[in-house]
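Read off the chains here:
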Amino acid sequence: MKLYLSSYRIPEPESFFELFEDKYPDEINIGVITNAKDFRDDKAEKLQKLTDDLGKIGLTRLTYIDLLDHLEPKALYGELVRFDALMACGGQTNDLRWAMEQVQFGKILSALLRQGKTYIGESAGACVAGSTLKNFEDPDDPTSRPVVEDGLGLVSGAVVVHADDPSYQARTTELVKSLEISGVGCISLNNNQAYVVNGSQSKIVTGE
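Anyway, here's the lowdown on the structure attached to this text. These numbers come from a predicted model, not from an experiment. (Residues numbered from 1 in each chain as written. Predicted model: local features only at pLDDT ≥ 70, side-chain atom pairs only at ≥ 80, totals over all residues. Heavy atoms only, no water.)

## Points about the sheet that holds strand E8 (residues 193-198)
Thinking step 1. Judged by pairing direction, the sheet is mixed, and its seven strands sit side by side in the order E3-E2-E4-E5-E1-E8-E9 without closing on themselves. Each of the sheet's edge strands pairs with one partner strand only, and the pair in question is strand E3 (61-65) and strand E9 (201-206). Taking the axes of each pair of neighbouring strands and ignoring which way they run, one obtains an average angle of 20 degrees across the sheet.
Thinking step 2. Of the pairings in the sheet, the one linking strand E1 (residues 2-6) to strand E5 (residues 118-122) comprises five bridges and is parallel in character. Bridge pairing links Leu5 to Gly121 in E5.
Thinking step 3. Of the strands in this sheet, strand E2 (29-33), E3, strand E4 (85-88) and E5 touch helix H2 (residues 43-55), which is tilted by about 160 degrees from E3. (Pairing = 2+ DSSP bridges. Helix = DSSP H or I, 4+ residues; strand = E, 2+ residues; numbered from the N terminus. Axes fitted to C-alpha atoms, helices over the stretch in contact; angles between N-to-C directions. Contact = heavy atoms within 4.5 Å.)

What follows is the structure in structure tokens.
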């Protein structure tokens, strides 16, 4: 299995490109799942910023995907199998997870990962990779969709992002405490960190 889970973007590109050892950056074909931003007024601007940032490290083959445009699982699989990697970008965690649930994305992703595809999760996209999303909802940023508490289960325990960000720190500290009380392990990532899984190897990497 190949995973790259981060709080923000690709903080340490070397470990990222090791997941695509036979390809140059501009050859990596990435499907970008946008549903975490479905109800953001600035969605277009945020996606343009993502395009610009990824372009700076040579990732230029991006296709934006709304999962809810492909409600039939076989059709969605046919759409996604053509990519080398799928990236779920940041935004509202439960809106993303809810959209994934509607299209059986977890089952499709499991099949694609077995074929050697890579899952890239940024912020909300990283959070949904864990085994649980219980207590992840921020009361100051309510979801627009019914809450889904189960994560995709790609990693054991919960993935907590923005651990060192002053804007999120109080909320993040409370979340980690609640998870620990429930006996759930956490992978906590600062804004310049990523959790990388490459086959049997896993590690947290730190960028500049």
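Moving on from the model shown.
## With respect to H2
Thinking step 1. In a regular helix each residue adds 1.5 Å, so 13 residues correspond to 18 Å; H2 covers 18 Å between its end C-alpha atoms and thus fits that length.
Thinking step 2. Residues of H2 that are buried include every one of Lys43, Leu47, Leu50, Asp53 and Leu54, and no others. On an axial view of H2, the arc spanned by its buried residues comes to 120 degrees, and they lie on one face. Turned more than 90 degrees away from the buried face of H2 sit Ala44 and Glu45, all of them exposed. (Expected span 1.5 Å × (residues − 1). Buried < 20%, exposed > 50% of the residue type's maximum accessible area, 1.4 Å probe, protein only. Arc of directions from axis to C-beta.)

## Here's the deal with the nonpolar core
Thinking step 1. Counting 41 residues, the largest nonpolar core has Leu5, Met100, Phe105 and Tyr119 as its most contacted members.
Thinking step 2. With five residues, helix H5 (residues 105-114) is the largest single contributor of residues to this core.
Thinking step 3. With residues up to four places along the chain from it excluded, the contact list for Leu5 reads Tyr119, Gly121, Ala126, Ala129, Val155, Val159, Leu189, Gln193, Ala194 and Tyr195.
Thinking step 4. Val32, Leu50, Leu62 and Cys89 belong to the second-largest nonpolar core, a separate cluster that totals 20 residues. (Core = buried A, V, L, I, M, F, W, Y, C linked by side-chain atoms within 4.5 Å.)

## Brief notes about H5
Thinking step 1. When H5 is considered as a whole, its buried residues turn out to be Phe105, Ile108, Leu109, Ala111, Leu112 and Leu113.
Thinking step 2. Buried-residue contacts for H5 involve E1, E2, helix H3 (73-80), E4, helix H4 (93-102) and E5.

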